[in-house]
Amino acid sequence: MTETPILEARNLSKHFTISAGVMTKRTHVVRAVDGLNFDIAKGETLALVGESGCGKTTTTRLLLRLQDPTHGSVRFAGEDVHALKGAALRKYRSRVQAVFQDPWSSINPRVRIRDFVAEPLVVNENLTSGEVDRRVHEALDAVGLGPAHASKFPHEFSGGQRQRIAIASAMVSRPELVVLDEPVSGLDVSIRSQIINLLKDMQAEYGVSFLLVAHDLATTRYLADRVAVMYLGSIVEMGKTDDVFDRPSHPYTEALISAALPSTPGMKRNEIVLGGEVPSPLSPPSGCTFHPRCHRIIGDVCVSKTPVLSPDPAGHCVGCHLY
């Protein structure tokens, strides 16, 4: 990446210690996130994709400082996020915002829309009431809702309108990075394209960076500049979106993309059906954690040695003993 990244994650890990049983005092370590390394540039969208339980949500919680890492660091504009305090922390929370999956539960039903959208400004910035109102009206205009909606309550809006309100609240503080956690999965199909296009337009206008967490690979391909594929807490492949989708290298990425709906009806594809279940994070497999389900396993090296995520000259990274 030629320019300085706005966000850098280095060896980012989050491990949880849990009890093994009611009658015993044995404990196990769950490696929810294990040694992630990635960057996000200004104005770029990086997508995290993978099956449920692979560590995507834990990663976003670490970036939003809702949890502290066990190891590693997150740096935003050169500063260690988890070392920030006081005014510096408030500034970070203003510069990094989030839009969550469910528009019906992410908005307090007892507050008017003006107060919900204004919350990042009231909590993190020192503005007059008039300036707050101006910024709220600008944000509502930007998402296609006029200032007249500011005095209404959440129950007066549809699901798509609520997600627009959530986006307005995320953008009102003029952030540099927005975490999009499944931003359209809770919406009707007819509304999804409107929200996706709104996000693209706002990124083009404001130069904001996005970290997109998504199961929907069609949404990922349309929104993301780069994709990081996660499996059991680790990134197994990362690269430019078209490269990952058109020329997947890791066997897990191949299977994930082959299982997605084709982009055009009647399109022929070779679906790869994975055997077995996702291993328990309480007792992950040795070596490559994907080897029990892998359709391209090459022998003992896959069972005994953990692959390293290595980049090629074009910056495409894959963690697999095939390469």
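What counts and what doesn't
- Position numbers for residues start from 1 in each chain and track the written sequence from start to end.
- Note on the predicted model: pLDDT of at least 70 is required for a residue's local features to be given, and 80 or more for side-chain atom pairs to be given and counted; whole-chain, interface and lining totals, by contrast, use all residues.
- Excluding hydrogens and water, the side-chain values take into account all heavy atoms of the structure.
- UniProt positions are given in the numbering used here, feature names are shortened, and annotations may be inferred rather than shown by experiment.
- For the purposes of this entry, the term helix denotes a DSSP run of H or I that reaches at least four residues, the term strand denotes a run of E that reaches at least two, and both are numbered from the N terminus.
- Think of it in three bands: with a 1.4 Å probe and only protein chains considered, a residue is buried below 20% of the maximum accessible area for its type, exposed above 50%, and partly exposed in between.
- Contacts are assigned to residue pairs that have any heavy atoms within 4.5 Å of one another.
- Between Lys or Arg on one side and Asp or Glu on the other, a salt bridge is scored when a side-chain nitrogen of the former is within 4 Å of a carboxyl oxygen of the latter.

Looking up the chain in an unreviewed UniProt entry gives the name Peptide/nickel transport system ATP-binding protein, with the organism given as Poseidonocella pacifica. Per UniProt, the comment on the chain under Sequence similarities (unreviewed entry) is "Belongs to the ABC transporter superfamily."

Asks: So what exactly am I meant to see when it comes to the environment of Thr-289 here?
Replies: Its place among the elements puts Thr-289 in the loop between helix H9 (251–258) and helix H10 (300–304). Given a relative accessible area of 22%, Thr-289 falls into the partly exposed group. For the pair Thr-289 and Tyr-231, spaced 58 residues apart in sequence, the C-alpha to C-alpha distance is 8.1 Å. Those residues within four positions of Thr-289 in sequence are excluded, and the remaining contacts are Tyr-231, Leu-232, Pro-279 and Pro-284.

Asks: I keep staring at the pattern of salt bridges and nothing clicks. Help me out?
Replies: Any two side chains of opposite charge can pair, on the condition that their charged atoms come close. Counted by the stated rule, this structure contains 18 salt bridges. Residue Asp-242 pairs with Arg-221 through a salt bridge whose shortest N-O separation is 3.5 Å. Taken together, the residues Asp-242 in helix H8 (residues 241–246) and Arg-221 in helix H7 (residues 217–223) connect sequence positions 21 residues apart. Judged by its relative accessible area of 34%, Arg-221 is partly exposed. In this structure, Glu-254 and Arg-296 form a salt bridge, with 2.9 Å as the shortest nitrogen-oxygen distance.

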